Each structure stands twice: as structure tokens, then as C-alpha cells.
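Residue-level structural notes
What follows is each chain in one-letter form.
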Amino acid sequence: MISVEKMSRSIKAFVRPLLAPKIPKSISEKFRHINQKNMNLIEASLKQNYFIHENASYKDNEAYLSSDEGQKDLRDHLYGRLDVFRNTIIPWLSNAKPLSGSRILEIGCGTGSSAVALAEQGADVTAVDIIEKDLIVAKDRSRIYDLNVNFICANATEVNEIFVNQHFDFIIFFASLEHMTHNERMIAMKNTWDMLSPGGLWCVIETPNRLWYYDSHTSLLPFYHWLPDDLAFLYSQFSPRKTFCNSYRELDDDSKLAFLRKGRGVSYHEFELTMKRAEKLDVVSSLQIFLRSQNFLYKVLWALTNKRRFELLIKQVGPNIHRGFYHQDLDLIIRKD
């Protein structure tokens, strides 16, 4: 008998291609494909580097990787993230400015899936991450895909000192702002905004919106983003996510820092404090609006969800700013003027 969970996964797998935007041939023809032998090499690198530290709360990482959750996590890092970036993020970014020949600074590259997707389009990519073990995997991945990416181990707060007087067409924070402390985030956002020349694009991708009613990123709990950090720390014990709920019980400095790095939401308020008033920002595009414009079925199904109703509600009561600041995740391209 098929379980409800497996049936749900099957339905999602069937529907997902129908909701994806059309990928221009000029983009898809640049995708690089590797054989199973090389995929096995990336898997070995992930197991030897990434999963060792990522699931340190588990005494037996081998047991984690043999679990359903661990297998899903492994597949995501092997090819899932690369597929998503290629099929959604790349067409979106390319629609704002051609990637070929563009100089890109990516902050929070992790194990390198996004860097590969950008580099194979002909971009000149410099990718930064704070975790050295992740960068080992990223370097292995780019080598296997035969791509030249400049990887640097550094904190996002340091990039303005590392890249003095260097020009970038894109500065991209990919799933990274939410993993910074409040102070780090403010410094990184202000400094990178100041680094851009007029016409440069500042991008945030896959960052949970603090205003949203449900946290699908870290805790899988309702109203979690709205809690102050100390209360969220204590309340995390009720998370259904096993790798999270048992991790943070002692409220000391080390545990608090590790907890914050697991992911807290970001909202338009940080943008106003580090860039300019949100209504004056030149928001070129929002990923969700782009996807709705590219696929009629996606737009119709979104219109039937609670997400649409909540988005309309907070936009109605909030300030008159770009609608992208009211989506579940912040996926925005902002032009420096």
C-alpha cells in the first residue's frame, strides 16, 4: 500500500515540471551534464566534508544519511539544488541582465550548486562562503563540471575589504542572509550595497520573510518568525524537524549563536536601514511575480492558496512598497541607481 507521504511526493514530482518557467534554449544548451562516475565523486565529497559538520548533533552521521530525511538531504545537495537554480533562478536573473560575461559575486555559495549554474552560463563567478568544508565540496563540484570559479573562504562582513575597487554586475546573497546574526546582516547588506556601481544589481534569493505566518525554512512552526530570538530559542523544542528540535536547550552564548545561524527571517526593515527607504528602491523583479508571469497554471494555482490571501493582507496594511517584500521568501533583484 502506498503511503500518503509517497503519494504526495509523486504528485509533486508530476506537477513540478508543469509549473516551471519555459527555459530559453540559449540557457538550456549551456547546461553541463556529468556521468554517474563523476556524480559519485561529488557524493563522496559531500559525505566526507559537508555532512560531517552539518549534522554534528547526530552521533551517527551514517545513520542520518541512511534515513529518509538524510537521503532527501543528500539528493538535494547532489542535484536538487542545481536543478532548481537552473530551471528557475537562472531564467529569472537572465531576464534582468544577461549572465554571459557578467562579473558575479555570490555570497553564501555553500557546496557550489548555484556557482556551477551561474558559471556554466558564461558568468565570471567569485563565490564566498564562511565554511571551509563546504568550499571543499564546491571546488570539487566545479572541477568535475570543468568550470573555473574563484572560491574564497570569508565572512560576508569582510567582502568590502577583500574586493576593494572591484566591479561586479551582480552581488547575490543566495540563502545566506537568514543565517547571519543581526549585526552581520546589517554590515554585509550595507557594505555590499555600497560596493555596487550605478546600474549594478543586488540580489537576495531564498531568504525567509520575517513577516510571514509560517516558517517552512527552519522550524516548520507557525508564527515562529514573529517571536523574539530568546523565545524562539526555547520554543524550538516543539519543532517537528528532528535535526532542529533537540539541538538547542541550554541558553548560552555558543548555543545562541549556533541557533541564530540555523536561520531567522529577514524583512524590508533591514533594507531600509542599510540601503534606502523601501518605496524608493528600484526593484527590478521578484521571482514569484516572474514565475506567475511565465506560467499561467502556476498563477492560477497560486491564486487559490492561503499564500495569496495573506500576501494581499499584509500588503494592504503595510507601507506602499514593492510586492516582492510581502512574499513568503525574499527573492528580489534591486538596481543600484
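Residues numbered from 1 in each chain as written. Predicted model: local features only at pLDDT ≥ 70, side-chain atom pairs only at ≥ 80, totals over all residues. Heavy atoms only, no water.

Turning our attention to the overall build of the protein. A tally of helices and strands in the protein yields 16 helices and 7 strands. Against the 2.2 N^0.38 benchmark of 20 Å for 337 residues, the protein shows a C-alpha radius of gyration of 20 Å, consistent with a compact globule. With respect to the principal axes defined by its C-alpha atoms, the protein has extents near 50 × 45 × 45 Å. Within the protein, the fraction of its 337 residues that count as buried is 47%. (Helix = DSSP H or I, 4+ residues; strand = E, 2+ residues; numbered from the N terminus. Rg over C-alpha atoms; globule rule 2.2 N^0.38 Å. Buried < 20%, exposed > 50% of the residue type's maximum accessible area, 1.4 Å probe, protein only.)

A cluster of like negative charges, contributed by Glu250, Asp252, Asp253 and Asp254, occupies part of the molecular surface. With respect to the helices and strands, aspartate 252 occurs in the loop between helix 11 (242-245) and helix 12 (253-262). Judged by its relative accessible area of 36%, aspartate 252 is partly exposed. (Patch = residues over 30% accessible without salt bridge, like charges linked within 9 Å, V, L, I, M, F, W, Y side chains within 5 Å. Areas by Shrake-Rupley, 256 points an atom, 1.4 Å probe, with all protein chains shown as cover. Salt bridge = Lys/Arg side-chain N within 4 Å of Asp/Glu carboxyl O. Lys, Arg positive; Asp, Glu negative; His and termini not counted. Charge placed at Lys NZ, Arg CZ, Asp CG, Glu CD.)

Counting buried residues in strand 2 (residues 124-129) gives 5 out of 6 residues, a clear majority hidden from the surface. Here 5 bridges tie strand 1 (residues 103-107) to strand 2, and the two strands are oriented parallel to one another. The residue of strand 2 that forms the bridge with arginine 103 is aspartate 124. In the classification by handedness, the crossover that spans strand 1, the intervening helix 6 (residues 113-119) and the parallel strand 2 is right-handed. The parallel pair strand 2 and strand 3 (residues 150-153), bridged by helix 7 (residues 132-144), forms a crossover whose chirality is right-handed. (Pairing = 2+ DSSP bridges. Right-handed = clockwise from strand over helix to strand, strands pointing away.)

A separate point is the environment of asparagine 295. Along the chain, the position of asparagine 295 falls in the loop between helix 14 (287-294) and helix 15 (296-303). Taking relative accessible area as the criterion, asparagine 295 reaches 10% and is therefore assigned buried. With 199 residues separating them along the chain, asparagine 295 and alanine 96 place their C-alpha atoms 18 Å apart. A polar contact of 3.0 Å, which involves the side chain of asparagine 295, links it to the backbone nitrogen of leucine 297. (Polar contact = N/O pair within 3.5 Å; in protein donor to acceptor, adjacent residues only side chain to side chain.)

Bringing the side chain of arginine 185 into the picture now. Looking at where arginine 185 falls in the secondary structure, it is placed in helix 9 (residues 182-195). The contacts of arginine 185, once residues within four sequence positions are left out, are Leu177, Glu178, Met180, Arg210, Arg264, Gly265, Val266 and Glu270. (Contact = heavy atoms within 4.5 Å.)

Formed by 47 residues in total, the largest nonpolar core has its most connected members in Leu93, Leu118 and Ile172. In terms of residue count, the dominant contributor to this core is helix 5 (residues 68-96) (8 residues). Formed by 36 residues, the second largest nonpolar core is a distinct cluster that contains Val204, Phe325, Tyr326 and Leu330. (Core = buried A, V, L, I, M, F, W, Y, C linked by side-chain atoms within 4.5 Å.)

Now for the packing of aromatic side chains. Counting across every chain of the model gives 15 aromatic pairs. Where tryptophan 202 meets phenylalanine 271, the ring centres are 5.7 Å apart and the plane angle is 85°; that geometry is what we call edge-to-face. Taken together, the positions of tryptophan 202 in strand 5 (residues 201-208) and phenylalanine 271 in helix 13 (residues 268-274) put the pair 69 residues apart, joining distant regions of the chain. Here tryptophan 202 and phenylalanine 271 have matching classes, each one buried. Between phenylalanine 233 and phenylalanine 259, the ring centres sit 5.2 Å apart and the planes meet at 70°, which makes this aromatic pair edge-to-face. Within this pair, whereas phenylalanine 233 is found in helix 10 (residues 229-235), its partner phenylalanine 259 is found in helix 12, the two being separated by 26 residues in sequence. (Phe/Tyr/Trp six-rings, centres within 6.5 Å; stacked < 30°, edge-to-face > 60°.)

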